[in-house]
Amino acid sequence: MREYWAGQNPQTEAGLRQALTLEAIRWQYLHGVPDQSVVSPDTWYHDYSLVSRPGNDLVQLRPFADYATNLPLYPRLRAYLRDGRVPVLAVWGRNDEIFGPDGARAFAEDAADAEVRLLDGGHFLLESQLHTAAGYIGGFLGRTLS
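Along each chain, numbering runs from 1 in the same order as the chain's sequence is written. A pLDDT threshold of at least 70 governs which residues receive local features in this predicted model, and a stricter bar of 80 or more applies before side-chain atom pairs are shown or counted, although totals over entire chains, interfaces and linings include all residues. Calculated side-chain values reflect all of the structure's heavy atoms, with hydrogen atoms and water omitted.

Considerations on the side chain of E13
- Relative to the helices and strands, E13 resides in helix 2 (residues 10-17).
- Only protein chains enter the calculation, and the probe is 1.4 Å; a residue is then buried if its accessible area is under 20% of its type maximum, exposed if over 50%, and partly exposed in between. Note on E13: relative accessible area 18%, which makes it buried.
- Contact partners of E13, with chain neighbours within four places excluded, come to Y4 and L61. The helix count covers DSSP runs of H or I at least four residues long, the strand count covers runs of E at least two residues long, and both are numbered beginning at the N terminus. In this description, contact between two residues means that some pair of their heavy atoms is separated by no more than 4.5 Å.

Describing the nonpolar core
- One finds L20, I25, Y29, L30, V33, V39, W44 and V51 forming the largest nonpolar core, which totals eight residues.
- Secondary structure elements with two or more residues in this core: helix 3 (22-30) and helix 4 (41-51).
- Counting residues per element, this core draws most heavily on helix 3, which supplies three residues.
- Residues contacting L20, with those up to four places away along its chain left out, are I25, Y48, V51, D57 and Q60.
- The term nonpolar core refers to a set of buried residues drawn from Ala, Val, Leu, Ile, Met, Phe, Trp, Tyr and Cys, joined through side-chain atoms within 4.5 Å. If you look at the next biggest cluster of nonpolar residues, it comprises five residues, including Y4, L16, L61 and F64.

A few points about the packing of aromatic side chains
- Note on ring pairs: Phe, Tyr and Trp rings are taken, using the six-membered ring of Trp, and paired if centres are within 6.5 Å. Classes follow the plane angle, with under 30 degrees stacked, over 60 edge-to-face and the rest tilted. For the structure on display, the rule yields four aromatic pairs.
- Ring geometry for Y29 against F124: centres 4.1 Å apart, planes inclined by 20°, an arrangement best described as stacked. Linking Y29 in helix 3 with F124 in the loop between strand 2 (115-119) and helix 8 (126-145), this pair joins segments that are 95 residues apart in sequence.
- A relative accessible area of 6% means that Y29 is categorised as buried.
- Throughout this description, the term charge over a ring refers to an Arg CZ or Lys NZ atom that lies within 6 Å of the ring centre and within 35 degrees of the ring normal. Against the face of W44 rests R26, its NZ or CZ located 5.5 Å from the ring centre.

Quick look at the pattern of salt bridges
- Take a side-chain nitrogen of Lys or Arg and a carboxyl oxygen of Asp or Glu: if they are within 4 Å of each other, that pair is a salt bridge. Enumeration according to the criterion identifies ten salt bridges in this entry.
- Notably, a salt bridge pairs E23 with R26, separated by 3.7 Å at the nearest N-O pair. Here E23 pairs with R26, and both are found in helix 3, just three residues apart, close to one helical turn.
- For E23, a relative accessible area of 51% translates into the label exposed.
- With relative accessibility at 32%, the residue R26 sits in the partly exposed group.
- Between R105 and D102 there is a salt bridge, with its nearest N and O atoms 2.6 Å apart. Taken as a pair, R105 and D102 lie in helix 7 (residues 101-110) at a separation of three residues, close to a single helical turn.
- Given the relative accessible area of 55%, D102 is considered exposed.
- Connected through shared salt-bridge partners, R78, R82, E109 and D110 make up one network.

Right under this line is the structure:
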């Protein structure tokens, strides 16, 4: 991805375009999920059908390029979390290799009372841990909004 950030061309696009294949999308849904039978194949087939629409490949490549703009913003985000003392809940897939669990743990470095919940799941955590995640979210909202 960093090569794509440095220069967008057919060579740097090629690796990223692999993420738009049916197999890659299926992997995003299933990787890290202990019981893969709980994830409906409809999810990845539906995503793939949307990604595969004519011209949509270029739309999907834009966020890859845009991720480069996130890195310079991290110091501002960290300062906001530190200084603003906003409530933070991160419910994350422990086995997510796209946005790994260290990303969730990082919130606790700056948000004093951050709640970090790593659940046994992958990138699309709600597909396999919906009720558990919803319980954490409901509890968090109940505590912080009351």
